[in-house]
Amino acid sequence: MFIHEAIFNETVEKAKELNISDIRIGLGYICVELEEEFLGISYSFTKELDLVSCNVLDLGEKIIGKRAVELLQGIFSYNLLESALAVACANAILNKPQNSYFDSLNLIEKDSNVVIIGYFAPIVELIKSRCAGLKIIERDNRLEALPETSSFFELKKADIAIISATTIINKTIDSLLKYSNAKYNIILGATTTMNKNVFSNTNATHLCGVSILNKNTVKTLLSLAAGTKLISKYTQKECLIC
């Protein structure tokens, strides 16, 4: 079973009971609110959307008040926006405060070869200072990053792999985990679906995401194109060991 299928199976029954109360589609992140109580977020992939008109999505106001399962179905879509909305919807259901945060970067040792899938600028220098070697793989051409095509070769040589949870949205996560020989495969980022069952049949070892502490402020900030730095005061870091 693929990870997006596992997410659907884990949330579909609850999604049939909950109503969509709000959706915000920001330039950096998306959020979906259910029953004016539960909020989940995911990356928006704004730069990669194949826009053909100014009307990006046909949902409109008619989706508000509908059952969450209508959004959740988008997890099977190859459209990045539909998939991102579905992941945010699932995260609203599954991502709850755990009060058991573990800093997965403490797993890095001086002799570790680390591969990062996705560019996490705030932690790059810290990881460099701790490890023997660091390879960054990114879809965008930026700084010292390697191209996406290098993923499978570099993951074979990694001791620790840090994989952006955005790979859940574009459905590349399954193949990345399959080819990784790393001792630790850490799924990282606000898009992470925090549920062990979803990843039970994979090589993932740590799920490092967030839960929402102040949903109204997070909704406002994401509507104003904020990213993880600005919303960090209103979220809580979470890490589950698989």
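Reading the values: the criteria
Residues numbered from 1 in each chain as written. Predicted model: local features only at pLDDT ≥ 70, side-chain atom pairs only at ≥ 80, totals over all residues. Heavy atoms only, no water. Helix = DSSP H or I, 4+ residues; strand = E, 2+ residues; numbered from the N terminus. Buried < 20%, exposed > 50% of the residue type's maximum accessible area, 1.4 Å probe, protein only. Polar contact = N/O pair within 3.5 Å; in protein donor to acceptor, adjacent residues only side chain to side chain. Contact = heavy atoms within 4.5 Å. Phe/Tyr/Trp six-rings, centres within 6.5 Å; stacked < 30°, edge-to-face > 60°. Pairing = 2+ DSSP bridges. Axes fitted to C-alpha atoms, helices over the stretch in contact; angles between N-to-C directions.

Engineer: Explain the side chain of N95 here, please?
Structural biologist: Inspection of the secondary structure assignment puts N95 in the loop between α3 (80-94) and β4 (113-117). Classification of N95 by relative accessible area gives buried; the value is 8%. Only 2.9 Å separates the side chain of N95 from the backbone oxygen of T192, close enough to count as a polar contact. A distance of 3.5 Å separates a polar side-chain atom of N95 from the backbone oxygen of V210. When sequence neighbours within four positions are dropped, the list of residues in contact with N95 reads T192, T193, M194, V210 and S211.

Engineer: Would you mind showing me how to read the packing of aromatic side chains here?
Structural biologist: Within a pair of aromatic rings, the relevant descriptors are the distance that separates the centres and the angle that separates the planes. Evaluated as defined, the whole model comprises 4 aromatic pairs. For the pair Y43 and F45, a centre-to-centre distance of 4.9 Å together with 75 degrees between the ring planes defines the contact as edge-to-face. Residue classification places Y43 among the partly exposed positions, given a relative accessible area of 25%. Ring pairs connect the aromatic residues Y29, Y43 and F45, which therefore count as one cluster.

Engineer: Would you mind going over unusual backbone geometry with me for this structure?
Structural biologist: For residues that are not glycine, phi is negative in most cases, and the peptide bond is trans in most cases. Of note in the backbone geometry, E35 takes a positive phi value of approximately 55 degrees without being a glycine. Secondary-structure assignment places E35 in the loop between β2 (29-34) and β3 (38-43). According to the relative accessible area criterion, E35 is partly exposed, its value standing at 35%. Positive phi values are uncommon outside glycine, yet A225 reaches one of about 70 degrees. With respect to the helices, strands and loops of the structure, A225 is situated in the loop between α8 (215-223) and α9 (228-231).

Engineer: Before we go on, may I ask you to explain the environment of Q236 in this structure?
Structural biologist: The topology assignment puts Q236 in strand β9 (residues 235-241). On the accessibility criterion, Q236 (21% relative accessible area) is partly exposed. Taking C-alpha positions, Q236 is 24 Å from A6, a pair spaced 230 residues apart along the chain. When residues no more than four places from it in sequence are discounted, the contact partners of Q236 are P97, Q98, N99, G209, V210, S211 and L213. A polar contact is formed between the side chain of Q236 and the side chain of E238, at a distance of 2.9 Å.

Engineer: Would you explain the sheet that holds strand β7 (residues 184-188) in this entry?
Structural biologist: Pairing between sheet strands relies on hydrogen bonds along the backbone, with the strands arranged either parallel or antiparallel. Spatially, β5-β4-β6-β7-β8-β9 is the arrangement adopted by the 6 strands of the open sheet, whose pairing is mixed. At either margin of the open sheet sits one strand with a lone partner, and together these are β5 (133-137) and β9. Taken over all neighbouring pairs, the strand axes of this sheet differ in orientation by 20 degrees on average, direction set aside. The strands touched by helix α4 (residues 121-130) are β4, β5, β6 (160-164) and β7; relative to β5, the strand with the most contacts, the crossing angle is about 155 degrees.

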